[in-house]
Amino acid sequence: MSNNGQSVKQIELPATITVRELAKVIDASPIDIIKKLMANGVMANINQQIDFDTAAIVAAELGYEAILEADKAAKKEELGEIPLWRRIIMQEDPSQLVRRPPVVTILGHVDHGKTTLLDAIRHTNVAAGEAGGITQHIGAYQVEHNGRLITFLDTPGHAAFTAMRARGAQGADVVVLVVAADDGVMPQTKEAVAHAKAARVPIIVAINKIDKPNADIARVKQQLAEIGLVPDEWDGDTLVVPISAKQKIGLEDLLEAILLVADSMDIYANPKGKVIGTVIEAKVDRAKGVLATLLIQNGTLEVGDVVVAGVSYGRIKAMFDFTGKKIRKAAPSTPVSVMGLNEVPQAGEMFEVVESEREARNIVFERIQESKQAEVAAKRAITLEQLFDQYKSGEVRELRLIIKADVQGSLEPIINSLKELGKGEIAINILHAETGNISENDVMLAAASDAVIIGFNVQADVAARNMAESEGVSIRLYDIIYRLTEDVEKALKGMLEPEEKEKVLGHAEVRAIFRISKVGNVAGCYVQDGEIRRNARVRVLRNQEIVGEGVISSLRHLTEDIREIKQGFECGVAIKGFDAFQVGDILECYVLEKAQPSKELL
């Protein structure tokens, strides 16, 4: 192996090692090790034990190839995208591992029947004596099929699924993709596929609404094959099950397919091992305090255990199953609602059981301190400017891209050109390519996958830009294909100049429109936030869609010409090249600044 032309040094590591010991072995500062661990979603102090796979990832990022002691011949599989809880299970005693129920999440386009399917499965599997007995909704539930349990995560969709993956959790073993037989593959269907593939989770397709007169199963199968989900009956590897959630047709076949896929996977856990899992959702209940829904992924959770989830902790006072029944303990793959945490944890956080509340407080204190001291090591999506430096330091081996274009005719030549560029030292991995404007879902996928979003003749909506800013996701917009490919090529060669970065100054709402001769329409506005500045750029938003752009040519307050106006004041605005205002439009004022490439390490 080589790293930037130099041979990579091999080191032997034991099955577990402390952060301090690892730092000595690879001649690095313990702080650097802790930062690398944080960047991979692992919070550890200097004396904490980490498993071989985690240590190997850190060692690789610092230029070493780790080999497990007494197993030099077997090179470990790359584990950069395997959730922490799976890595922990891999370190358990194999003789203690048992099969656990598969965990399933249901994704798909809006209105294709995800909720109806979840409800149909849930109520079909409730015993007659318990009909209507589900007393609380806890975001997850279990059903029984042929004497075996299946756990379903009742999440709001692929955004929640990806938020979990971004925090290192990825609770699902199998994704069921719901596609309506009368509607076919839609944009959100393709997004859901991209999210599932990025998470490396097997997909089963449920073609829903087959009872409708305009259902066309053959057309849907053809569309699925076109997006890489070739049905098994066409010699592909995707199980496709026709169903009607409304008529409860095909549900048994779907459950059978889930168990079939689960049997082909290594879905194991140690009920007697370390207790870890994922926070599915959490809220504050007026009567019960903090209620958190937890999915146990290894070990057995019991009432009285002390749990740490992110910066939340507490002793479990009570535990309920998905029907609301009080229980004392819960085995792997079981969803439970628990009382006792001191504050609401984030959905997608990993939780673990520790020995005492004192240890829990110490862990939380260390996590808070480390996050403050190591913000530079916080996980950030890569930018094109950073790419080459991080390749040289061994941090990245590929550039991950999400491509959005105005029409399919633009998308194909862009993808082909980028694939040609990706044949060099740094590979190009296109996670998702689609027509349409850049949305929050695109930013969510980019944040979870460390990807750059590239747009051609499209815009990013306001919510997507705000999320990209907070998540550190790089969005680059182009209107000429050769400039797009040229920038990517320069990034791969380390020659890309700093881009102009947009800085939003403020927003104003159009409340009246005045006609002025020789000027045209002038918008009477109220400044909602920030400031509006003369000669700054502005875009006109109508129902969150961009309907016009230009430069503010005139800015007046009452009868006075002004340079800028702050939040809470009214003003008159004229835009060069645009005057088709409507009452209710939002003016977003911004400037472009040269952004220096960040030197922070991921």
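Residues numbered from 1 in each chain as written. Predicted model: local features only at pLDDT ≥ 70, side-chain atom pairs only at ≥ 80, totals over all residues. Heavy atoms only, no water.

Visitor: Kindly report on the sheet that holds strand E9 (residues 140–145), identifying the contributing residues and their values.
Guide: Within a beta sheet, neighbouring strands are joined by backbone hydrogen bonds and run either parallel or antiparallel to one another. Read from one edge of the open sheet, 6 strands run E9-E10-E8-E11-E12-E13, paired in mixed fashion. Of all strands in the sheet, those bounded by a partner on one side alone are E9 and strand E13 (240–242). Across the sheet, the axes of successive neighbouring strands diverge by a mean angle of 30°, strand direction being ignored. Alignment of strand E8 (residues 103–108) against strand E10 (residues 148–153), held across 3 bridges, turns out to be parallel. (Pairing = 2+ DSSP bridges. Helix = DSSP H or I, 4+ residues; strand = E, 2+ residues; numbered from the N terminus. Axes fitted to C-alpha atoms, helices over the stretch in contact; angles between N-to-C directions.)

Visitor: Can you lay out the packing of aromatic side chains for me, pointing to particular residues and giving the numbers?
Guide: Per the stated rule, a full pass over the model turns up 3 aromatic pairs. Where Tyr141 meets Phe152, the ring centres are 5.7 Å apart and the plane angle is 20°; that geometry is what we call stacked. Of this pair, Tyr141 sits in strand E9 while Phe152 sits in strand E10; the two residues are 11 residues apart in sequence, bridging distant segments of the chain. Across the pair, exposure class does not vary: Tyr141 and Phe152 are buried alike. Taking 5.4 Å as the distance between ring centres and 85° as the angle between the ring planes, the aromatic pair formed by Phe578 and Phe581 counts as edge-to-face. (Phe/Tyr/Trp six-rings, centres within 6.5 Å; stacked < 30°, edge-to-face > 60°. Buried < 20%, exposed > 50% of the residue type's maximum accessible area, 1.4 Å probe, protein only.)

Visitor: Can you break down the sheet that holds strand E22 (residues 335–339) residue by residue, with the values?
Guide: Strand order in the open sheet formed by 7 strands is E19-E18-E23-E15-E16-E22-E20, with antiparallel pairing between adjacent strands. Across the chains shown, the open sheet's two edge strands, defined by having one partner strand only, are strand E19 (312–315) and strand E20 (318–320). Averaged over all pairs of adjacent strands, the angle between strand axes in this sheet comes to 35°, irrespective of strand direction. Across 4 bridges, the pairing between strand E18 (residues 306–309) and strand E23 (residues 350–354) is antiparallel. Along E23, the bridge assignment pairs Val308 with Glu352.

Visitor: Account for the nonpolar core, naming residues and giving values.
Guide: Where a protein is soluble and globular, its nonpolar side chains tend to be buried together. With 30 residues, the main nonpolar core has Leu117, Phe152, Val176, Ile204, Leu254 and Ile258 as its most contacted residues. Secondary-structure elements contributing two or more residues to this core are E8, helix H5 (114–124), E9, E10, strand E11 (174–180), strand E12 (203–208) and helix H9 (251–263). Considering every element that reaches this core, the biggest residue donor is H9, with 8 residues. Residues contacting Leu117, with those up to four places away along its chain left out, are Ile106, Val176, Val178, Ile243, Ala245, Leu251 and Leu254. (Core = buried A, V, L, I, M, F, W, Y, C linked by side-chain atoms within 4.5 Å. Contact = heavy atoms within 4.5 Å.)

Visitor: Could you give an account of the pattern of salt bridges, naming the residues involved and the relevant values?
Guide: Under the definition given, this model contains 19 salt bridges. A salt bridge links Asp182 to Lys212; the shortest N-O distance between them is 3.4 Å. Placement of the pair is Asp182 in the loop between E11 and helix H7 (187–198) and Lys212 in the loop between E12 and helix H8 (217–226), with a sequence separation of 30 residues. On the basis of relative accessibility, which here comes to 36%, the residue Lys212 falls in the partly exposed class. Residue Glu588 pairs with Arg465 through a salt bridge whose shortest N-O separation is 2.3 Å. Residue Glu588 is located in strand E35 (residues 586–594), and its partner Arg465 is located in helix H14 (residues 462–471); the two are separated by 123 residues in the primary sequence. Taking relative accessible area as the criterion, Glu588 reaches 1% and is therefore assigned buried. The class of Arg465 is buried, set by a relative accessible area of 15%. Within this structure, Glu531, Arg533, Glu564 and Lys566 form a network of salt bridges that share partners. (Salt bridge = Lys/Arg side-chain N within 4 Å of Asp/Glu carboxyl O.)

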